[in-house]
Amino acid sequence: MFKGLTSFHKLAVSHALALSLVLPLLIYSIFQAWQLRFLQDDGFISFRYALNLSEGNGLVFNIGDKVEGYSNFLYTLLMVVPHLLGVDVESFSNLMNMSFWLLGLWAVYSLCRRQFDFSVAAALATVLLLASNASYAIYATGGLETAMVISLVLTSLLLFTRASEHTGGKAKRWRIAASLVATCAMLTRLDAFIPLSLIFFFQMLLMLDLAYEDAQRDDSQGVIKRFMVMAMHALLPIGLLLTVYLTWKFFYYGDILPNTFYIKVAGAESTTLTSNSERGMEYIKSFAQSYLYWPASIFLLWMLLHSADVLTKLISISNLRALRKALSKQRHVIAATSLMTVLIWSAYLVRVGGDFMEYRFALMLLPFLSLLLVYCLSALTSSNKTRVFVLLVLVMASYQNNMYLGERPRGVESRGSLQAHVYHPAHNWKGIGLALKRYFPASSDVKIAITAAGAIPYFSGLYTLDMLGLNDKWVAKHGMTQNAAPGHQRITSLQYMLDSNIDFIIAHPQLIRKNVKLTAKDFNFQQIKGRFWLRHRMSGQEARDALNSAQFLRMPITPGYDLLVIWLDSGNQALSSIIGKKLRQPRWRVYPLNLGRKAVSVTYQQLQMIKPVGTFWRAAGNIVIEDKQYLELSIVPGQVTEKLELSLDHNDAYTLSFYSRDKRGGDMVLETVVLKPKFRVGGGLSLHQVSLKASSVQAGIYKIKIEGVGGDGMYSIGHLRFL
């Protein structure tokens, strides 16, 4: 007896020691997650929908325009609450998301305790491993549904495991509860379908085994009938509720799929599948490299494949007897579910090209990787001391291998960058929105076009054209495609903005310090195309003509920064009156767009005399054009070959546009070539060679337009000849 008591005391001391190590670290990780709370711009899209709904305008981005520009229906509905109560929505979002994040940690803890027989210390160590991950801790908040959807998926899995512990009415209630929570997860984000479908699939297999055991004890009902009853409890609630939701969506928005689908998935056609997959592979690779300790769980699982029945028997699913044996314990079902979720979710991320927000989409992997690790440890050792030790080693690796505020690889924006867009003085999208609301009341009917469709539209309350199409049906389905990050594959055309009577093109907001002086060179056509994301299906001249009456408007936002926008002439008299009064105040300025370039005509014969490299840029025979001019070179089609040579001023950039006649006799651009500066000691002319497409030559080039697009404002062409 004494010996047993000593052993008991030793066990109690070891548990107390483990808890004294784990618990402070876990509390610190939770505190750190709260300290890192933040909001990113995309969260304010949901806030805007919620605000409009709370004011009786419907679940819309722009009043009167029904488009589903969110992908988090239930989360958006919850954001109506602070607007109805008059509570700060930013604080409410952070508190709510933090609560869901803690719910997800509790679900992992409960699964460790109930299904894997972990001690309190070992289960808390598992939770600590998850909570100490930098990206997982960062997205305890963020303003989006990330923490909410992950916690609901994990809670659904936990409730299904509780159902397997009971029979009769209790099991029925647990399965219905699991189904309802799964429905909430689906309504929070539709791609929760991937892990939930796997959870339901493996739970169905387990129910089949339970039905078989029940039938052996009581043969009053057959196996199939018992299984169908269990399955109905799990499937009927989610099936009915999703049917109601999808029916409402179809009649309200006119579409079952969210508008974001056409941007993020269908819009992926703007790149080839190969390039999209390459981006996704790079995303997964950088995620794994950032958190090197996670692959350890996969390695441990590989070591156990020879002894884990479930993973080998599932390969031969037709062998029901072996399958029943493999699924004899819920822990095997959890392991199979976790493994398949990791594999299929990773494949999904590769297919859609990953994401650009602090590994947000990859976070669904982490709790399932944790459960895989727990499964491996439970099979390798029954010693909770060993389990705690292994987990603490991995926790130390977690703290070592990720920095909470560290920079992320190229293409993945860090938490600091995402936060800075909204609140940092040099970006200050919230401040821009509030300033626009002060300057332009709702009665002015001002319309803006912007790529950052969150904080600025939410705080300004102005009608907003989302240039990237997340909240615009036309852009999502018909916008021009571009090779860009996920969610940025389509963009509006200039013509669509003009047709929509947009007043201000803000695009990606351009803040400049109040003491920065601007000159005409800052507003040339080539520069504004890049700075203001002006993509168009017009020719360059048509775009210039469309913008002839446009101006740059500079307006103060904060004591230290001003905003630059393109002010289009939309015929809004109320707006013109407001700006007329504002221009009498300090720091309000209007600048003309430098679009009115005039053609300098020249023939091919005038430019055939070869000029050596280094020839003075203003030498006799050179054609010098100023910033407000461009060179128009007439060509006899028979003289054109597939390669040409020309000499240009070494420190300037140029575009060459090649034209043929269309069927109506008008100009048609065949191709455009950009020539960058060739800086050289001593200056003068530099030599360039350009290869043309055979199809361009065959189409019959009759005119070449040469424009200076960057440099000192004086451009020189020495010679041009076809080789």
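Rules of the game
- Residues numbered from 1 in each chain as written.
- Predicted model: local features only at pLDDT ≥ 70, side-chain atom pairs only at ≥ 80, totals over all residues.
- Heavy atoms only, no water.
- Pairing = 2+ DSSP bridges.
- Helix = DSSP H or I, 4+ residues; strand = E, 2+ residues; numbered from the N terminus.
- Axes fitted to C-alpha atoms, helices over the stretch in contact; angles between N-to-C directions.
- Salt bridge = Lys/Arg side-chain N within 4 Å of Asp/Glu carboxyl O.
- Buried < 20%, exposed > 50% of the residue type's maximum accessible area, 1.4 Å probe, protein only.
- pLDDT = per-residue confidence, 0-100.
- Contact = heavy atoms within 4.5 Å.
- Core = buried A, V, L, I, M, F, W, Y, C linked by side-chain atoms within 4.5 Å.
- Right-handed = clockwise from strand over helix to strand, strands pointing away.
- Parallel < 35°, antiparallel > 145°, perpendicular 65-115°, else oblique.
- Left-handed = near helix turned anticlockwise from the far one by under 90°.
- Nonpolar A, V, L, I, M, F, W, Y, C, P; charged D, E, K, R; others polar.
- Polar contact = N/O pair within 3.5 Å; in protein donor to acceptor, adjacent residues only side chain to side chain.
- Phe/Tyr/Trp six-rings, centres within 6.5 Å; stacked < 30°, edge-to-face > 60°.
- Lys NZ or Arg CZ within 6 Å of the ring centre and 35° of its normal.

*Asks:* Outline the sheet that holds strand β10 (residues 623–626), supporting the account with residue identities and numerical values.
*Replies:* Reading across the sheet, the 4 strands line up as β10-β17-β12-β15 and stay open at both edges, with antiparallel pairing between neighbours. Edge strands, defined here as strands with exactly one partner in the open sheet, are β10 and β15 (685–691). Each strand of the sheet is rotated relative to its neighbour by a mean of 30°, with strand direction disregarded. Here β10 pairs with strand β17 (residues 714–722) via 4 bridges, running antiparallel. Within the sheet, the bridge partner assigned to V624 lies in β17 and is S716.

*Asks:* Which residues make up the pattern of salt bridges, and what are the values?
*Replies:* Within the structure shown, the criterion is met by 12 salt bridges. The residue R189 makes a salt bridge to D191 at a minimum N-O spacing of 2.8 Å. D191 carries the same exposure label as R189, and that label is buried. A salt bridge links D562 to R554; its shortest N-O distance comes to 3.0 Å. For the residue pair D562 and R554, the accessibility class agrees, reading buried in each case.

*Asks:* Just give me the short version of the confidence of the model for the protein, but keep the residues and values in it.
*Replies:* On average, residues of the protein score 83 in pLDDT, and 82% of them reach the 70 mark or higher. The lowest-confidence element of the protein is helix α15 (residues 309–313), averaging 51 in pLDDT; the highest-confidence one is helix α3 (residues 73–78), averaging 97. Within the model, the stretch residues 7–11 combines pLDDT values under 50 with 0 contacts to residues more than four positions away or in other chains. Here residues 266–273 is modelled with pLDDT under 50, and outside its nearest four sequence neighbours on either side it reaches 17 contacts, counting other chains as well.

*Asks:* So, the sheet that holds strand β1 (residues 447–450): which residues are in play, and what are the values?
*Replies:* Strand order in the open sheet formed by 6 strands is β2-β1-β5-β7-β6-β8, with mixed pairing between adjacent strands. For this open sheet the edge positions go to β2 (463–466) and β8 (589–592), each flanked by a neighbour on one side alone. Adjacent strand axes in the sheet meet at a mean angle of 35°, parallel and antiparallel pairs treated alike. Pairing of β1 with strand β5 (residues 504–513), which is carried by 3 bridges, proceeds in the parallel orientation. Among the inter-strand pairings, I450 is bridged to a residue of β5, identified as A507. Strand contacts of helix α21 (residues 429–439): β5, β6 (551–556) and β7 (561–567), with the helix running at about 110° to β5, the strand carrying the most contacts.

*Asks:* Any details on the nonpolar core? Residues and values, ideally.
*Replies:* In terms of nonpolar packing, the biggest core is built from 156 residues, with W101, F118, Y136, F440, F504 and M555 touching the most fellow members. Not counting residues up to four positions away in its chain, the partners in contact with Y136 are W101, L105, L130, I150, L154, L363, L366 and P367. Grouped together as the second largest cluster of nonpolar side chains are 26 residues, L633, I701, L720 and F722 included.

*Asks:* Give a description of the pairing of β2 that names residues and reports values.
*Replies:* Along any regular strand, the residues point their side chains to alternate faces of the sheet. Pairing between β1 and β2: 4 bridges, direction parallel. Bridging across to β2, I450 finds its partner in D466. Where the polypeptide runs from β1 across helix α22 (residues 455–460) and back to β2, its parallel neighbour, the crossover connection is right-handed.

*Asks:* Tell me what's going on with the packing of helix α5 (residues 89–115) against helix α6 (residues 120–131), and back it up with residues and numbers.
*Replies:* The angle between the axes and the distance between the axes are what describe a pair of packed helices. Taken N-terminus to C-terminus, the directions of α5 and α6 make an angle of 140°; their axes are 9 Å apart at the nearest point. With respect to α6, the axis of α5 lies oblique. The way α5 lies across α6 gives a crossing that is right-handed. Here W101, L105, V108, Y109, C112 and R113 of α5 come into contact with α6, specifically with V120, A123, L124, T126, V127, L130 and A131. Classifying every residue of the contact of α5 with α6 by side-chain character gives 11 nonpolar, 1 polar and 1 charged.

*Asks:* Could you give an account of α21, naming the residues involved and the relevant values?
*Replies:* Helical periodicity: at 3.6 residues per turn, an α-helix aligns residues three or four positions apart in one direction. Along α21, the positions that sit buried rather than exposed are W429, G431, I432, G433, A435, L436 and Y439. The elements touched by buried residues of α21 are α20 (415–423), α22, β5, β6, β7 and α27 (573–582).

*Asks:* Would you mind going over the environment of G143 in detail, with residue names and values included?
*Replies:* On the secondary structure map, G143 appears in the loop between α7 (134–138) and α8 (146–164). G143 sits in the buried class, given a relative accessible area of 0%. Once residues within four sequence positions are removed from consideration, G143 is found in contact with F38, L39, G43, F47, Y75, S93 and N97.

*Asks:* Go over the side chain of R189, please, and point to the residues and values.
*Replies:* Considering the arrangement of structural elements, one finds R189 in the loop between α9 (168–188) and α10 (193–217). Within polar-contact distance, the side chain of R189 engages the side chain of E145 at 3.0 Å. Non-local contacts of R189, meaning those with residues more than four positions away in its chain, are made with S71, E145, T146, V149, W345, R360 and F361.

*Asks:* Report on the packing of aromatic side chains, specifying residues and quantitative values.
*Replies:* Going through the model one piece at a time under the given rule, you end up with 29 aromatic pairs. Judged by centre distance (5.7 Å) and plane angle (80°), the ring pair of W248 and Y253 falls under edge-to-face. Residue classification places W248 among the partly exposed positions, given a relative accessible area of 32%. One residue, K703, lies across the ring of Y659, its end atom 4.8 Å from the ring centre. The residue whose ring lies beneath K705 is Y630, and the NZ or CZ to ring-centre distance is 4.7 Å.

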